[in-house]
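Per-entry structural report
This is what each chain is made of:
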Amino acid sequence: MPLNSKIPAGELAEKWEKYKSTCKLVNPANKRQLEVIVIGTGLAGASAAASLGELGYKVKTFCFQDSPRRAHSIAAQGGINAAKNYQNDGDSTYRLFYDTVKGGDYRAREANVYRLASVSANIIDQCVAQGVPFAREYGGLLSNRSFGGTQVQRTFYAAGQTGQQLLIGAYQALERQVALGNVKQYSRHEMLDIVMVEGKARGVIVRNLVTGELERHFGHAVLLCSGGYGNVFYLSTNAMGSNVTAAWKAHKKGAFFGNPCFTQIHPTCIPVSGDHQSKLTLMSESLRNDGRIWVPKKQGDTRKANEIPEEERDYYLERRYPAFGNLVPRDVASRAAKERCDAGYGVGASKQAVYLDYASAIERYGKIEANKQGLANADKATIIALGKDVVKEKYGNLFEMYEKITGENPYEVPMRIYPAVHYTMGGIWVDYELQTTVPGLYALGEANFSDHGANRLGASALMQGLADGYFVIPYTLGNNLADDIRTKAIPTDHPAFVAAENEVRERINRLMSIKGTESVESFHKRLGKIMWDKCGMARNAQGLKEAIEEIKALRKEFWSNVRIPGEINEHNPELDKANRVADFLELGELMCIDALNRNESCGGHFREEYQTEDGEALRQDEGYMYVAAWEYKGESQYELHKEDLIYDVVHPTQRSYK
Amino acid sequence: MEHYHMNLTLKVWKQKNRNEKGRFETYQVKNISSEMSFLEMFDVLNEQLIAEGKEPIAFDHDCREGICGMCSMYINGRAHGPWHHTTTCQLHMREYKDGDTIVVEPWRANAFPVIKDLVVDREAFDRIIQAGGYVSVNTGNAVDANAIPIEKHEADESFASAACIGCGACVAACPNASAMLFVSAKVSHLAMLPQGDPERKTRVTNMIQQMDKEGFGSCTNIGACEAECPKGISLENIARLNREYIGSMTAGGSQNSI
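Since we're looking at a predicted model, the values are computed, not measured.

Let us look at the overall build of chain A. Along its length, chain A carries 18 helices and 21 strands. In summary, chain A has a C-alpha radius of gyration of 24 Å against a globular reference of 26 Å for 658 residues, a match within 12%. Each of the three principal axes of chain A carries a C-alpha extent, and together these read 80 × 55 × 50 Å. Taken over 658 residues, chain A has a buried fraction of 59%.

Right, dumping it as C-alpha cells:
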C-alpha cells in the first residue's frame, strides 16, 4: 500500500491557509449527530475534546487516571515555544519551523512542521484567554526564556510548571464542555481495542478500571491522544501509568507505526540511586540556561565538587560547542554526558553523572541585583545571597524538588545529573490530516510520529499537543466527517463490537490463568534493561540483534510465568499493568527492528557504526531520508513502508552547533 | 548524606471495595534504603506480597514527581506525611529510622468514597470545576496575548493559586472535610485575572453550590488545609473566596473586592 501523506499542493507557507479555506465543513445540525471518541486527556486529548465539543460534536473522553487533569502533560516543566517575536530578537514562523526541522535532524515532514510553527502564536493567545498564568514582566507583558537548540527567546513559561498550567487550562475548557453536555467523560477507563466496521474505526472496547467490566463505545471517529511509550525502558521520566497500549492496539488493527526507534534521552535528569528506583525525575532543560555543565579534568577524581578548582574543571559542552554551549539540543547534550562518563570522568557514587552548576549564575545575578539596588561595593556574601534569591524565583520549585529527592542543597553544591528516557518522537504514522492508515482513526500529540523528526527541541511537545488539539483536528476531522453525515450511529450489539470485546476478554482471561511465579514489575524491569543497554543512547547492529532475541524469549517467559494477583472484576492495578507490559514486550522488539534497519545516526538515534571522527551523528541521507512506517503482519512480523521525505525549502546539512 | 537501611512495621488500611468494611493490616518490610521514596517502599512491600501469594495494596500514584496530584496517603495522621509542601510521592525514607511503625490510611471524607484500600474517588472535584471553574472562551476567540497586560504582582498571585494540584489533601486534613481551600484556589486564580472577570459572580456562586451538594463540610478556620497542602496554597484564598461570595450577592458586586 503506498503511503499518501496528503500534503496539500502549493507554497509551504500557504499550504495550511489554503487547506483551511477549502476543506469540507459539517453543518451544526449534522455535527450534533456525529460522535467522536477521544482516548487520553493530556494536552492533545483535552484540547481536542474541548474544541470539538465547542463545535457541537458529541464527544466521549477516556483516561486511565482518576481525572483528566492528571494526564502526564502536567509534568512538563520548562515551557512552550511560540513564534511571537515579542523579544524582537529575530524570531519568525520560518525560524521556528527551521529550528524544528534542523533540531529533528532532517527527519520530519516540512509541511507539518511549518503548520505547527504557524499556529504556535495562536496557542499562546488561546491559553492566555483561558486564564493560564504565564510568567510576566513588570510592564505586565509576557516573559520569555531561551531553550536548547535555538538562539532566540521564544519560550513562554509558568515558573517550572508550564505543563501543569496549560493542562489545567485545557482541562477547564474540557470540563466546561462536560457541564454543557457536549462531552461525556470517563475516568479510570482504559482502551483495550479498536472496533473496526467495514474497514473503518468505529468504536472502542474499554475496561472500567474500578469494576473490571468491559464496555463498548461507538464513535464515527476515534482520536488517539494517548501519549508516548518511553516506559518501554521501565525507567523514564514518564508517569508510572504512561503506556503504549491504545497505540499498540491501533497498530495491530492496521495503523502503521512510524519511526519507533526515535527516542529522546533527556540530558538533565536526577541520576539513578539504586535498584529500587521506580522512575526518573527530570530537571527542566531551562536549567541549562543559567547552569553550567562540567566534569573534573582528571579521571576518577574523588574530591567533592566544591574542592575542585576552576582550572581543573572541564566545561565540556562549552568546549565542544562554543556557539551553543550549554544550550545544544538534547540529543547532543545527552551523548556528550555519556561520552564523558564512559571515558571515566563521571561524578557521584555511581560515576554515572555530571555536574550542573549554578555557582556562577548565582554570582552573576547577584551582581546585577546589587547594581539594581545601588549597592556599590557589595561584599561577596551579599552578592551570593541576592543571587540566590533571583535563582530561587526562576527555578525555585525545581531546586526544591532536587533537594527532596537527593537530600542535597543545589544552592550550595552543584546538582548531579544524567540522561534519561523522556519522550518518543516515533509514534503512530499519520498523514497531514493526522489520520492514521486506518480510516477514521487519528493520532494527536506525542502518540503520533509527525513533527519532531529524530529529535524534539525543548518546549515543543506542549506546542505540538495543543496545536494538534486546538487548531488542526477541528478542521481535518470535519473534512473527513463531512462524508460520514449519512452514517447512523452503529449499535454496540453489532457483531464487530461483540467480536472485539470477546477478543479482549479472552486475552485478560489468558493473562489471569497463567498463575506463574514472577511479578509483572520484574518482567518490566528486565525488558527495560534490555532496551536501555541495547536500544538506548547508543546502538549497534550486534546489540540490536541480540536484543530482539532476548525480548522474544522474555515475552515467551512472560506469557508462561507471570503472576497476577487478585480478580478480573475488581480494581486490580496489577492486571492493568500486565496488560500494558504485555504490549511493551511487543513494541520493544519493533523498536529494535527499526533501529537495526536504520543504518545511520540521526538525532536521538545513534548507531555507533555511523559517527564522524569527533563522535557526532552521521546521517546517511542517500539511503535513509524516509519515515519508516511499519505494518503489523502477525507476531514478530512487520513490513516496512517508506514515506520519502522531500525537502523543498530547507537544505539538509550536517547539523552543527559549534 | 549518609545512606542507611531500615526495617519497618506498616499498618495499612485494607478495604475490598466501596461497600465492604475495612480494617488495618500489619506488615513488616526489611532492608529499606533511606534513598527510596515512600512509594518505592510500597513497591517493595507489594512485590513481597505478590511473591508470598498475597494481594498487594492498592494505592493511587502516577507522575511520582509531585505534580499530578494522584497520590494520596494519610501517613501517621497527616495528609501526604510529615514533610512540609510535599506530596506522598516526594516523601523519602530518610525521614524514618530503623524500627519505626508507620500507619497509612486513605483520604477520609464522605465526598471521597473509598474504591479500594488507599484509593478514593475524587470525581467530586471534577464536578466542582464543571460548575464554573473556567473562563468561557471557545477555541479561536482569543485576542493577541499581549493585548491583555496584567500587573506582575497580580499574575504571580494568580499563579500561586493556580498551582493547586487537586489532590484533596486539604479535605483529608480538615476535621470537617471541607473543600474550601480547593474551591477558593480556583475562584482566586480566575478572579485575579481580567479574563476571569465577566463570570466572576456566577462562578463563585455555582462552585460553592456544587461543593455543598457533594457533601463537603464547612470551613471553621482551623487552617489544617493550608498546613498540609503540598503546594502551599494559602488560607488567604479562603478569605478571598468569602469576599467574592458576598460580593456576588450584592449589587455592584465583587469588582473591587480583591
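This next bit is on the pairing of strand β15 (residues 415–424) of chain A. All names here are of chain A. By the criterion of burial, β15 is predominantly enclosed, with 10 of the 10 residues buried. Relative to β15, strand β11 (residues 263–269) runs antiparallel, the two being bridged by 5 bridges. Residue pairing in the sheet places Gln-264 in a bridge with Tyr-423 of β15. Where strand β14 (residues 354–357) lies against β15, 3 bridges are found, and the strand directions are antiparallel. Looking at the pairing, Val-354 lines up with Ile-417 of β15.

As a further point, take the domain arrangement of chain B. Residues and elements named next belong to chain B. According to the domain assignment, chain B consists of domain 1 (5–116) and domain 2 (122–249). Centre-to-centre separation of domain 1 and domain 2, based on C-alpha positions: 29 Å. At the junction of the two partners, domain 1 supplies 18 residues and domain 2 supplies 17 residues. Of the residues contributing to the side of domain 1 that touches domain 2, the split by class is 8 nonpolar, 8 polar and 2 charged.

Taken together, the contact pairs 68 residues of chain B with 65 residues of chain A. If you list the elements that add at least two residues to the side of chain B that touches chain A, you get α1 (38–51), β6 (114–116), α2 (123–130), α3 (152–162) and α5 (180–191) of chain B. Of the residues forming the side of chain B that touches chain A, the biggest block, 6 residues, is contributed by α1(B). Partitioning the side of chain B that touches chain A into residue classes produces 31 nonpolar, 20 polar and 17 charged.

To continue, consider the domain arrangement of chain A. Residue and element names in this part refer to chain A. Under the domain assignment, chain A is made up of domain 1 (13–262 + 425–484), domain 2 (266–421) and domain 3 (493–625). Placing a centre on the C-alpha atoms of domain 2 and another on those of domain 3 gives a separation of 34 Å. On the domain 3 side, the residues contacting the 6 residues of domain 2 number 5 residues. A total of 5 residues in the side of domain 2 that touches domain 3 trace back to one element, the largest contributor, which is helix α10 (residues 330–342). Among the residues forming the side of domain 2 that touches domain 3, the class breakdown is 1 nonpolar, 1 polar and 4 charged.

Right, let's get into unusual backbone geometry. Residue and element names in this part refer to chain A. Even without glycine at this site, Asn-85 takes up a positive phi of about 55°. Following the sequence through the fold, Asn-85 ends up in the loop between β3 (80–81) and α4 (93–103). Of the residues examined, Asn-85 has 18 C-beta atoms within 10 Å and is grouped as partly exposed. Despite not being glycine, Tyr-106 has its phi angle at roughly 55°, a positive value. Here Tyr-106 is to be found in the loop between α4 and α5 (110–130).

Okay, the environment of A:Ala255 next. All names here are of chain A. Counting through the fold element by element, Ala-255 comes out in the loop between α7 (245–252) and β10 (257–258). When the 29 C-beta atoms within 10 Å are taken as the criterion, Ala-255 is described as buried. Each C-alpha atom of the pair Ala-255 and Ile-428 lies 6.7 Å from the other, and the pair is 173 residues apart in sequence. Excluding its chain neighbours within four sequence positions, the residues that come into contact with Ala-255 are Ala-250, Ile-428, Thr-436, Thr-437, Val-438 and Leu-441.

Our focus in this paragraph is the nonpolar core. Core analysis: the biggest nonpolar cluster contains 279 residues, and A:Ile39, A:Leu223, A:Leu224, A:Val354, A:Ile428, A:Tyr442 and B:Val171 have the highest contact counts within it. Of all the elements, helix α17 (residues 573–597) of chain A adds the most residues to this core, at 13 residues. For A:Ile428, the residues in contact, after removing those within four places along its chain, are A:Leu224, A:Ala247, A:Ala250, A:His251, A:Ala255, A:Phe257, A:Gly258, A:Thr436, A:Ala443, A:Ala447, A:Asn448 and A:Phe449.

To continue, consider the sheet that holds strand β20 (residues 626–632) of chain A. One key point about sheets: their strands pair by backbone hydrogen bonds, in either a parallel or an antiparallel sense. Residues and elements named next belong to chain A. Strand order in the open sheet formed by 4 strands is β16-β10-β20-β21, with antiparallel pairing between adjacent strands. Each edge of the sheet is formed by a strand with only one pairing partner; in this case those strands are β16 (427–428) and β21 (638–644). Where β10 and β16 come together, 2 bridges link them in antiparallel fashion. Its bridge partner lying in β16, Gly-258 is registered against Gly-427.

Our next topic: helix α11 (residues 359–372) of chain A. Residues and elements named next belong to chain A. An ideal rise of 1.5 Å per residue puts 20 Å on 14 residues; α11 measures up with 20 Å between its terminal C-alpha atoms. Within α11, burial applies to Ile-362, Tyr-365 and Gly-366. Along α11, the residues classed as buried sweep out an arc of 110° about the axis, all on the same side. Lining the buried residues of α11 we find α12 (380–406). Gly-374 lies just past α11 and shows a positive phi near 70°.

Residue and element names in this part refer to chain B. On average, chain B scores 95 in pLDDT, and the residues at 70 or more come to 97%. This stretch, residues 253–258, has a pLDDT under 50; its non-local contacts, to residues over four places away or in other chains, come to 15 contacts. Across the predicted assembly, pTM comes out at 0.97 and ipTM at 0.97.

On to the sheet that holds strand β8 (residues 214–218) of chain A, then. Residue and element names in this part refer to chain A. Pairing within the open sheet is antiparallel, and its 3 strands lie in the order β6-β7-β8. Each edge of the sheet is formed by a strand with only one pairing partner; in this case those strands are β6 (189–197) and β8. When strand polarity is set aside, the average angle formed by the axes of neighbouring strands in this sheet is 30°. Across 5 bridges, strand β7 (residues 200–208) lies against β8 in antiparallel orientation. Considered in β8, the bridge of Arg-207 is made with Leu-214.

Turning our attention to the environment of A:Gly139. Mapped onto the elements of the fold, A:Gly139 is located in the loop between α5 and β4 (155–156). Taking the C-alpha atoms as reference points, A:Gly139 and A:Glu307, separated by 168 residues in sequence, lie 43 Å from one another.

With that settled, consider the pairing of β21(A). Residue and element names in this part refer to chain A. For β20 and β21, the ladder comprises 7 bridges, and the chain directions are antiparallel. Of the residues in β21, the one forming a bridge with Ala-628 is Lys-642. Linking β20 back to β21 in an antiparallel pair, the connection comprises 5 residues, with Gly-634 at a positive phi of about 120°.

This paragraph deals with the environment of A:Glu550. With respect to the helices and strands, A:Glu550 occurs in helix α16 (residues 541–561). A:Glu550 gets classed as buried once you count the C-beta atoms within 10 Å, which come to 20.

This part covers helix α3 (residues 43–55) of chain A. In a regular helix each residue adds 1.5 Å, so 13 residues correspond to 18 Å; α3(A) covers 18 Å between its end C-alpha atoms and thus fits that length. Burial analysis of α3(A) places 13 of its 13 residues in the buried class, the great majority of the element.

Calculation criteria
- Residues numbered from 1 in each chain as written.
- Chains lettered and ligands numbered in written order.
- Predicted model: local features only at pLDDT ≥ 70, side-chain atom pairs only at ≥ 80, totals over all residues.
- Helix = DSSP H or I, 4+ residues; strand = E, 2+ residues; numbered from the N terminus.
- Rg over C-alpha atoms; globule rule 2.2 N^0.38 Å.
- Buried ≥ 20, exposed ≤ 12 C-beta atoms within 10 Å, placed from the backbone.
- Pairing = 2+ DSSP bridges.
- Domains from an automatic or database assignment.
- Contact = placed C-beta atoms within 7 Å.
- Nonpolar A, V, L, I, M, F, W, Y, C, P; charged D, E, K, R; others polar.
- Core = buried A, V, L, I, M, F, W, Y, C linked by C-beta atoms within 7 Å.
- Expected span 1.5 Å × (residues − 1).
- Arc of directions from axis to C-beta.
- pLDDT = per-residue confidence, 0-100.
- Axes fitted to C-alpha atoms, helices over the stretch in contact; angles between N-to-C directions.

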